[in-house]
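What the coordinates show
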Amino acid sequence: MYKIIDKEFLSENVARLVIEAPYIAKSRKAGNFIILRIDKNGERIPLTIADANIEKGTITVIVQRVGVSSHKLCAMNIGDALLDVVGPLGKETHISNVGTVLCAGGGVGVAPLFPIVQAMKLAGNRVITVIAARTKDLVILEDEMRAYSDELIIMTDDGSLGKKGLVTQGMEEVILREKVNEAVVIGPAIMMKYAALTTKKYDIPTVASLNTIMVDGTGMCGACRVSVGGKTEFVCVNGPEFDAHKVNFDEMMFRLNAYKTKEAEGYSDYLKSLESTAPALV
Ligand code: NAD
Ligand code: FES
């Protein structure tokens, strides 16, 4: 069993969970992820390891409440335990000193970006980070990102914090201003598609971390397959990071949307069942 040591909400629907998992904490590298199950009937939930503490034997994951399983996970409390946590999975990020690295995160994608920003900085790079969200209340990990970035740019769609505009506008501003040797982009698929098109214009090598549907996480089921440079790759074992200029994001979005209606129906039924079992107010 994997105990929840700490929990806090970073925004209305995004929670940070600190989980006791000493072996994973010791061996994880930037870019790795885990797959967890809450209980024996639970769905397998893939989550990037956002941070780890070797001394305390803990890993940190950040989860967005979007469906039944993530709702149940966000409802767990300090002291509760998860049935299983498998990891570290996936290939680690290739980290080297390349000069200036532009790290761009959109929405909850800022969470998996954090260990990469950290590792890029510790490798001696100049790290310029752009974090973006729809509005001020959805901006996460601002202080953590600032601590490991030479410069932090915040973009919000509505201009309620930082500069008004999309993540790609913040990225382009940096690219036009100075030489960028490499870029890392993480966020919703549509954001990564346009972030990759932005860096392609300027010929900047770019890595994207993909969050496809996953089942076994060991390369057996094919649920996570994507096309990269015309070749089929499995995100769980060959990724999650790929050359962003070669990823077929349109196909990835099509596959991500395959179960959207069923998921939304299931989530709506689940929320209704919670309402019907809630104690009546007197
Ligand atoms: P969101 O939809 O609020 O978008 C966040 C930011 O991305 C926006 O503020 C904007 O700056 C940028 N963006 C969005 N669309 C864009 C476009 N067309 N062009 C340029 N920039 C654009 O994000 P959210 O609701 O936090 O994201 C949730 C999604 O992120 C889910 O689909 C989830 O699966 C995915 N996600 C991805 C990863 C990953 O590892 N890639 C990790 C966590 C979550
Ligand atoms: Fe099954 Fe990747 S999750 S092959």
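Here's a quick rundown of the structure. Within every chain, residues take consecutive numbers counted from 1 along the sequence as written. For naming, the first written chain is A and the first written ligand is 1, with later ones following in the order written. A pLDDT threshold of at least 70 governs which residues receive local features in this predicted model, and a stricter bar of 80 or more applies before side-chain atom pairs are shown or counted, although totals over entire chains, interfaces and linings include all residues. Computation of side-chain values: all heavy atoms of the structure, hydrogens and water removed.

1. Focus on the nonpolar core
So the rule is basically this: In plain words, nonpolar cores are sets of buried Ala, Val, Leu, Ile, Met, Phe, Trp, Tyr and Cys residues tied together by side-chain atoms within 4.5 Å. Throughout, exposure labels follow a simple rule: accessible area from a 1.4 Å probe, protein chains only, divided by the maximum for the residue type, with under 20% read as buried, over 50% as exposed, and the rest as partly exposed. Numbering goes from the N terminus for both helices and strands, where a helix is a DSSP run of H or I of at least four residues and a strand is a run of E of at least two.
Membership of the largest hydrophobic core comes to 37 residues, with the highest contact counts inside it found for Leu102, Val185, Leu210 and Phe249. Sorting elements by how many residues they give to this core places helix 6 (residues 189-201) first, with five residues. Among the nonpolar cores identified, the runner-up in size contains 26 residues, and Val110, Met120, Ile131 and Met145 belong to it.

2. A few points about the pairing of strand 5 (residues 58-64)
To keep it simple, the criterion reads: For two strands to be treated as a pair, DSSP must find at least two bridges joining them.
Burial of strand 5 is extensive: six of the seven residues sit out of reach of the surface. By the bridge criterion, seven bridges tie strand 2 (residues 14-20) to strand 5 in an arrangement that is antiparallel. In the sheet register, Ala15 faces strand 5, and the bridge partner there is Val63. What sits between the antiparallel neighbours strand 4 (residues 45-53) and strand 5 is a turn of four residues, in which Gly57 has the positive phi angle 70 degrees.

3. Looking at the packing of aromatic side chains
Which entries qualify depends on this criterion: Note on aromatic pairs: the rings of Phe, Tyr and Trp (six-membered ring only in Trp) are paired at centre separations within 6.5 Å, and the planes decide the class, stacked below 30 degrees, edge-to-face beyond 60, tilted for the rest.
Taken as a whole, this structure holds one aromatic pair when the rule is applied. Judged by centre distance (5.9 Å) and plane angle (70 degrees), the rings of Phe114 and Tyr148 are edge-to-face. Pair noted here: Phe114 is in helix 3 (residues 110-122) and Tyr148 is in helix 4 (residues 142-148), with a separation of 34 residues, a long-range link.

4. Focus: the pattern of salt bridges
Note the threshold: Throughout this description, the term salt bridge denotes a Lys or Arg side-chain nitrogen within 4 Å of a carboxyl oxygen of Asp or Glu.
Overall, the coordinates contain 13 salt bridges when judged by the stated rule. Of the charged contacts in the structure, one is a salt bridge between Glu8 and Arg16, with a shortest N-O distance of 2.8 Å. Judged by relative accessible area, which is 38%, Glu8 ranks as partly exposed. Connected via shared salt-bridge partners are Arg126, Glu151, Arg177 and Glu178.

5. Considerations on the layout of surface pockets
Selection rule: Using only the protein atoms, space was sampled on a 1 Å grid; points where a 1.4 Å probe fits but cannot get out form cavities, open sets with protein on both sides within 12 Å along at least five of seven lines form pockets, and lining residues are those with an atom within 4 Å of a point. Grid points are joined across faces, edges and corners, and a volume is the space filled by probe spheres set on the points.
Taken as a whole, the second largest pocket encloses approximately 270 Å³ of empty space. In terms of lining residues, the second largest pocket is bounded by 16 residues, among which Arg28, Lys29, Ala30, Gln118 and Ala119 are the most central. When residues of the lining of the second largest pocket are traced back to their parent elements, those giving at least two are helix 1 (22-27), strand 4 and helix 3. The dominant element in the lining of the second largest pocket, judged by the number of residues it contributes, is helix 3, at four residues.

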